Structures are given as C-alpha cells and as structure tokens.
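The chain contents come next:
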Amino acid sequence: MFDHVFRPGAIGGLTLPHRVVMGAMHLNLETLDDDGAALAAFYQERARGGAALIVTGGTAVSPAGAGGPGYGMADDPGHRAALRRAADAVHEAGGLIALQLFHAGRYALPGAPGTDGGPPVAPSAVFSRFARVTPRELTHEEILATVADFARGAGVARELGFDAVEVMGSEGYLINQFTAPLTNRRGDAWGGDAERRRSFPVAVLSAVRAEVGPDFPVLFRMSGADLVPDGTPREETAALAVALAGAGADALAVGVGWHESQVPTVQAQVPAGTWAVHAKEIKRALRAAGHGAVPVIASNRFNRLAQADEVLAGGEVDFVALARPFLADAEIVTKSGAGRGDSVDICIACNEACIDRSFGTERVSCLVNPRAGYEREFPARARPAPGGAGRYAVIGAGPAGLEAARTLARLGHQVEVFEAAAEPGGQFRLAARVPGKAEFGETVRHRVRELAELGVPLRLGHRIGHGDLAALRELDGVVLATGVVPCLPTLPGLALPHVVDYPKAFADPHTLGPRVAIVGGGGIAVDLAHLLTGDPYAKVTPEEFLAAHDLTAPRITAAATRAEHRPGRGPREVTLMRRTGRIGAGIGPSTRWVVMAELRSAGVRTLTGVRYEEITRDGVRIVDAEGQPQLVAADHVVLAAGQEPERDAAALLSAAGIPFETAGGAAGTEGLNAVRATAEGLRAAHRIARNRSPRQQNRNGRDGRNGIARNASAQNRIAQNR
C-alpha cells in the first residue's frame, strides 16, 4: 500500500523519507505576542505526524511584501525569534522545515505594514480585484532592492537553522505578477516580451542561490496556470520552468490559479488531483530541456494519500504537497503508513476556518480539527487528572457533541453520548446529501469509528427525559449539544399541506414537486437549492471538470476564466427568497461565489429585499424589492428562514439543578456555523474537565474501580430509560 508515496526522495542535499511535503499555509500565528510558541507547537505536531518536509507560511521579505497585518517579516527581530523557535521545534521532532520567502505585490491587503495607508506595489499599476486597489508601479531601483530583499531573507533562513527555503512565485503574488502580461505592462528590462517578463523570477532565484551557496536547498513555487485573462501563456510557463532549473532551483513546486481567477481551484467542487496535469507538463518540459533530475512537486486538492500515490505512480511528478489535510489531521502520514487510513480526519475543503481566515487576522484552524492552531491551549492527550478519570455525558451527537465526546475520551475520561435521532451527525447529516459535500458524511462516520475505538457508547434514539435525571446527577458533568430546530416565520398559510420545513425537505427531496419556493436565503437554504437542482450521486472526474471550464488539457487559453459550470438545468424550478442581505451571505467568501455560480447555472431564481405576504395553495405572495406584488408559483414551499436552539433538554436540566456546558446550536444561533460548533465542542469538553470540583475528584479517588462501575451503572440506567 502506498508504494510510491513511501519511497525516499531528495531535494538538493536533503534526503526525505517519503514523497509527501506539507505545503505552505499562512496561519495568523506568525505575529502572535507569544515568542513563537503557538507557531512552534503547530509545526512540531505536523513534524511528529510524519511530514517529510514542512514549508512554512510566507515570511515577507520586506514590509512592502507583507500580505496583511498578520504576516511576519524577515527583517523583524521578534519574528526571527519566532521562526528560530519553530525551526528548533521541528528539528526536535525529527523533521525538516523550509522557510517560504514571500512578497504579496498588488495582493497586499489593507492594514499590511508596508502600505502605511498607501497602495501596494506591483510591476504595473493594474487594479487588483482582490485587494480592491490600484497598486503603484515599482521603479527599476525598487525592483533591484526587492531582489536583494529575497536574498537577505534566504540568508536569514539559513542563519536561523532552516533546512531550505521556498521562493513564492505562484498564486498571483509579486513574482507571478511579473510573468503575466495582465499585470506586467512594462517596456524596460523587466517586461515587454516573454524573456524580460521572466527576468525578475530568474533574478530573484539567482540572488537567493548566490546568498545561500550551492549546497543549501532552494525550492521555487511557480504557477502552472494563472487561470486569469492574459495570464502567463502556457509556452512561457514551460520556458520559465526551464530557466529556473538552469538558475539553480533544487525543486519546482507547481501551484495554480490567482485569487482573482473565476475558476475554482481549492473548493470542494474541484475533484481531487485535478491540477496535477500542470505539474506533469512542467516535468515534461524539464526533461525535454535536459533538467529531468530537478524534482517537481504537484499540489492542490489532494486530501488522501491514496490520491497522492496514484499521481506519483505515473512517474511524471516527484513529490506531492498537501496543506489543508495537515490541518485536518497532523498524523495523516503516520496513520496512513501504518494501515490506519480510515482513522484519518479528512479535509472536506470547506475553507471556512483556514483559507477564509487567512485573509484576515483570526487564527487559522480547521472545522474537522478545531485543535489546529491551538495545540498549546488544548493538548491532544492531557496528563492524568487529579482523582482519576471523570465521568461525563454528552447530550446530542451533531458536530459539537461528537467533538466534545471524542475530546473528553481522548483526555482519558469516561463519556457516553445520547442522541434523540436514529442517526448521528445532526446538521452534517443534511449537508452530506448536498452535491460536493459528501465528505461531511465521512466526517460523521470517522467520529463514530473513533468513539467506538475509544470505548464511548453512542445511544441513538434516546431523548433525555425525567427518568434520566437521577443518573445524570451522579456524573461529573454534562455537555449539552442538542443543536437547533427550524425557526418558523409568522406568515399566513403555514399550515397548508404543501408547506414543509427544511429538515423534511432534506430528508425526502423526491417528494417535492417540480416548482419549489424556499423561504429564506441563508446557507441552509442555498444547500437545499443545490440539492434540489443537482445530482448528489454524480462524481465529476478531473477531466470532466477541466472540460466544463474550457480547460481541457493541455490547451490553456483565456477562455479558462469563465466560471460557469454547465451541468444543465436542474430537474426543478427553484426560487430562493430573502428579506434582507445577500443570498448565502453567511457562506465563506472563498466558497460562496462558486456555489452561487452553480445555482445560476442550474437556473435557480434568487429574490432579495422581499416582504412575505402569505402562502397560498398556488405559492408565496410577496412584495418584491421594487415594491411590486407578485406570486412565486410553487408546488411546495420550504421554510428555511432561520434556526433557534433546541431548548427542551436545557430546560429539563436547569429545572433539576444539573449544571451543564453548552456547545454549538444549543449555545445560541447568532453567527452559528459548523466551525463554531466543533470549536465550542472542543472548548466545552476541556472546560468541563478542568472545572471538576475537589469533591468530585476526591470522590473518584476514593471510589477507584468501584467509582467506574458506579458510573457504568448510572449510565446504564440512562440508557434503559428509553
């Protein structure tokens, strides 16, 4: 198994134990006021998890190169100390680490330290739709100074004990901006034709090589396809790869897409391994030019080692870089190598806690692994608690409850889960039905498997009632994660037989008629519209995805920028309605535009600024944003206009005087999403374990094994009260 992944490899003078590299991710840990402690803990855990080589998030080579306020800078003594601590921590764990050298160029966001309120810099003054600003054109002297900045950054990396550097020249950042006619409209030595457009990346690499010497490994991340109009032409991309190999690159990592691209590259809608085609093209170009020994690293949208092994098997790439999968599970390599691939937490490409946060200042984490980025605050395995293991119940087996239960069990406590529904998963059960979200179901299955391995009973179909209270009082604590119920609007006609709430619509979509009006336009309503107009069982291949976006390999043209995925109109006419705000406003920014494009392609009608008048047998009567009355004709009306906490269990426990911690929807619906739910499940578990009273600890210490038996008896009594 994984014969190709687990072959040793080499990058320059570095010998790597296998072919999986951890790709760079900006974490917003880089500038925390903790002397680099969080950054070091994050990278050390991934080194222990088996990454062959870790590439850090970008370190800005100058203040002007910072992508935002959360970026560290190579010339900042405080950031240098944090970087040294991170490198030492990785080495202590037996790993290898490369520092990525970064310059945002026209992608520097407001608040970046180098802008000082002014515009960012770029090869030419071309408006950036990402930063929403027109940059200032660099002078010839500033370009030379920037080349020197990269070289100094490489010297800093070597001085701090890093094993290699990676020059960031992809994803539309400064170096990539020089190679694309779109953003390089110069007519001097740095632009005007293909050779001059690649002069800047070659100059940067040459200066870095001169600074660190011939024996220090230098990787270069280049763009395999920009996916923007007038981006780097395909033939110039191949020529750049050859030039970089000739200038001393020890490996070429191949990225794809700009932040302004209208083609999805990192979203769940992109099939695994889709973009490896570009890495393979780079490898073929290198071989044709006599540089076949230079390793090529494929990246983007691999979330299982089996996918990496399949790409490596063809011999057209040398390594595969995974980034977000190491957020989801730091041990993805060691677990897979030990034959425990089914125990790996799979990255579901939701992007909500990682990519979306990386463009702001909030700490990057992970929906399926909320410990990511918080390794010091929430250790995976705690020291034995005073007085022995605690005894807990978790009520609710949705995302928050499952996270709380596995956290308590991992911490060495006894825990049992009670779920009123016949199946676990809560809102994830609904999400898993939506096209492109099948991995949400895998997350639930993984949690259930892990709880079974940890010896945690999962009592399904058990709604906590008065008969359970005596047994609950004997436990050390309760986490309440009972989730949400639909919030019904005040609207005439709700009792009509063709009106259903969204859980019913998700459970039985085949019972809905050909015309569906959805009251509500949030994330759940959008998911439902997607379910009703898409094929939840369709699995799009990389070739089909590329063809749908006019990207049929190997021909890459300006047509690549068209975002419309054209699967054909859906089987139903669906209308989404919302009183205020945008449709899908709560969906993460890196995902919303993709989902909305798919709904438009499926013919979904969207109405905002509406006032609901009544539901009739013919549909929904509204007043539209222009003040005009109209009937939205529908065979079925689905209510998806919000949620409220499920309050019955909380009221029962409160009346009985049983303390509890809440997590997820049970804690409130303001700003609720799956990221918040799992994070609160983690925090509730740690909080309740830390706050055990001395009386509880002493009781457990006295009872010893009898206390565990008594706990089993109490929980069995709960289970019997069904």
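Residues numbered from 1 in each chain as written. Predicted model: local features only at pLDDT ≥ 70, side-chain atom pairs only at ≥ 80, totals over all residues. Heavy atoms only, no water.

Draft legend 1. Representation of the overall build of the protein in the model. Scanning the protein from N- to C-terminus turns up 24 helices and 27 strands. Here the C-alpha atoms of the protein give a radius of gyration of 27 Å, agreeing with the 27 Å that 2.2 N^0.38 yields for 722 residues. Considered along the principal axes of its C-alpha atoms, the protein spans approximately 80 × 70 × 50 Å. Across the 722 residues of the protein, 59% fall into the buried class. Counted over contacts in the protein with a minimum sequence separation of 6, partners at least 24 positions apart contribute 73%. Carbon together with sulfur atoms contributes 50% to the accessible area of the protein, which is approximately 27,600 Å² in total. Separation between the mean location of the 78 positive side-chain charges and that of the 78 negative ones in the protein comes to 5 Å. (Helix = DSSP H or I, 4+ residues; strand = E, 2+ residues; numbered from the N terminus. Rg over C-alpha atoms; globule rule 2.2 N^0.38 Å. Buried < 20%, exposed > 50% of the residue type's maximum accessible area, 1.4 Å probe, protein only. Contact = heavy atoms within 4.5 Å. Areas by Shrake-Rupley, 256 points an atom, 1.4 Å probe, with all protein chains shown as cover. Lys, Arg positive; Asp, Glu negative; His and termini not counted. Charge placed at Lys NZ, Arg CZ, Asp CG, Glu CD.)

Draft legend 2. Region of the structure containing the sheet that holds strand E24 (residues 629-633). Spatially, the three strands line up as an open sheet ordered E22-E23-E24, and their pairing is antiparallel. Looking along the sheet, the strands with just one partner apiece sit at the ends: strand E22 (611-616) and E24. Adjacent strand axes in the sheet meet at a mean angle of 25 degrees, parallel and antiparallel pairs treated alike. Sheet analysis places strand E23 (residues 619-623) next to E24, joined by five bridges and oriented antiparallel. Bridge assignment links Arg621 to a residue of E24, and that residue is Leu631. (Pairing = 2+ DSSP bridges. Axes fitted to C-alpha atoms, helices over the stretch in contact; angles between N-to-C directions.)

Draft legend 3. Molecular detail of the packing of aromatic side chains. Using the criterion set out here, one finds 13 aromatic pairs in the structure. Both rings, one in Phe42 and one in Tyr43, keep their centres 5.4 Å apart while their planes meet at 75 degrees; by these two values the pair is edge-to-face. When its relative accessible area of 0% is taken as the criterion, Phe42 is described as buried. A connected cluster of aromatic rings, assembled from ring pairs, spans Tyr71, Phe102, Tyr107, Phe130, Tyr173, Trp258 and Phe359. (Phe/Tyr/Trp six-rings, centres within 6.5 Å; stacked < 30°, edge-to-face > 60°.)

Draft legend 4. Representation of unusual backbone geometry in the model. Positive phi is not limited to glycine here, since Asn300 has a value of about 80 degrees. By the secondary structure assignment, Asn300 is in the loop between strand E11 (296-298) and helix H9 (305-313). A positive phi angle is found at Arg301, which is not glycine, with a value near 65 degrees. Its location among the elements puts Arg301 in the loop between E11 and H9. Overall, the relative accessible area of 10% leaves Arg301 in the buried class.

Draft legend 5. Main features of the nonpolar core. Counting residues in each nonpolar core, the largest one holds 116 residues, and the members touching the most others are Tyr43, Phe200, Val208, Leu252 and Leu408. Not counting residues within four places of it along the chain, the set of residues in contact with Leu252 comprises Phe220, Met222, Ala241, Leu244, Ile282, Leu286, Val294, Pro295, Val296 and Ile297. The next biggest cluster of nonpolar side chains, apart from the first, holds 26 residues, and it includes Val434, Ala505, Phe506 and Val516. (Core = buried A, V, L, I, M, F, W, Y, C linked by side-chain atoms within 4.5 Å.)

Draft legend 6. Layout of the sheet that holds strand E15 (residues 458-460). Taken in spatial order, the five strands make up an open sheet running E15-E14-E13-E16-E27, and their pairing is parallel. Lying at the two open borders of the sheet, with one neighbouring strand each, are E15 and strand E27 (661-662). Sheet topology note: the strand E16 (residues 477-480)/E27 ladder contains two bridges and is parallel. Considered in E27, the bridge of Leu480 is made with Thr662. Where helix H13 (residues 399-410) meets the sheet, it contacts strand E13 (391-395), strand E14 (414-419) and E16, and its direction lies at approximately 165 degrees from that of E13.

Draft legend 7. Region of the structure containing the packing of helix H6 (residues 199-212) against helix H7 (residues 234-246). Viewed as axis vectors pointing N to C, H6 and H7 meet at an angle of 20 degrees, and their least axial separation amounts to 9 Å. Classed by the angle they form, the pair H6 and H7 counts as roughly parallel. The way H6 lies across H7 gives a crossing that is right-handed. Facing Pro201, Val202 and Leu205 of H6, the residues of H7 in contact are Leu240, Ala243 and Leu244. Residues of the contact of H6 with H7, tallied by class, amount to six nonpolar, no polar and no charged. (Parallel < 35°, antiparallel > 145°, perpendicular 65-115°, else oblique. Left-handed = near helix turned anticlockwise from the far one by under 90°. Nonpolar A, V, L, I, M, F, W, Y, C, P; charged D, E, K, R; others polar.)

Draft legend 8. Structural view of the pairing of E13. Of all the five residues making up E13, five are buried; the element is thus mostly covered by neighbouring parts of the structure. The side-chain alternation of E13 yields two buried faces, one formed by Arg391, Ala393 and Ile395 and the other by Tyr392 and Val394. In this structure, E13 lies alongside E14, joined through five bridges in parallel fashion. Bridging from a neighbouring strand, Ile395 pairs with Phe418 of E14. Strand direction decides the pairing type here: E13 and E16, joined by four bridges, are parallel. Residue pairing for E16: Tyr392 is matched across the bridge by Gly477.

Draft legend 9. Expanded view of the side chain of Arg301. No salt bridge is formed by the buried Arg301, whose closest oppositely charged neighbour, Glu439, lies at an N-O distance of 5.8 Å. One polar contact links the side chain of Arg301 to the main-chain carbonyl oxygen of Gln267, over a distance of 3.2 Å. (Salt bridge = Lys/Arg side-chain N within 4 Å of Asp/Glu carboxyl O. Polar contact = N/O pair within 3.5 Å; in protein donor to acceptor, adjacent residues only side chain to side chain.)

Draft legend 10. Main features of the confidence of the model for the protein. Per-residue pLDDT for the protein averages 92, and the proportion of residues at 70 or more is 92%. Considering only residues more than four positions removed or in separate chains, one finds that residues 701-714, a stretch of pLDDT under 50, has 12 contacts. (pLDDT = per-residue confidence, 0-100.)

Draft legend 11. A look at the side chain of Glu260. With respect to the secondary-structure elements, Glu260 resides in the loop between strand E10 (251-255) and helix H8 (276-288). Separated by 2.7 Å, the side chains of Glu260 and Arg106 make a polar contact. Separated by 2.7 Å, the side chains of Glu260 and Tyr107 make a polar contact. When neighbours within four sequence positions are excluded, Glu260 is seen to be in contact with Arg106, Tyr107, Phe127, Ser128, Arg129, Phe130 and Val228.

Draft legend 12. View of helix H20 (residues 589-601). Between its first and last C-alpha atoms H20 spans 19 Å; for 13 residues at 1.5 Å apiece the expected length is 18 Å, and the two agree. Across the 13 residues that make up H20, a large majority, 10, are buried. Residues of H20 that are buried include every one of Ser590, Thr591, Arg592, Val594, Val595, Met596, Ala597, Glu598, Leu599 and Ser601, and no others. For H20, the elements touching its buried residues are helix H12 (355-358), helix H18 (523-533), strand E20 (573-578) and strand E21 (605-608). (Expected span 1.5 Å × (residues − 1).)

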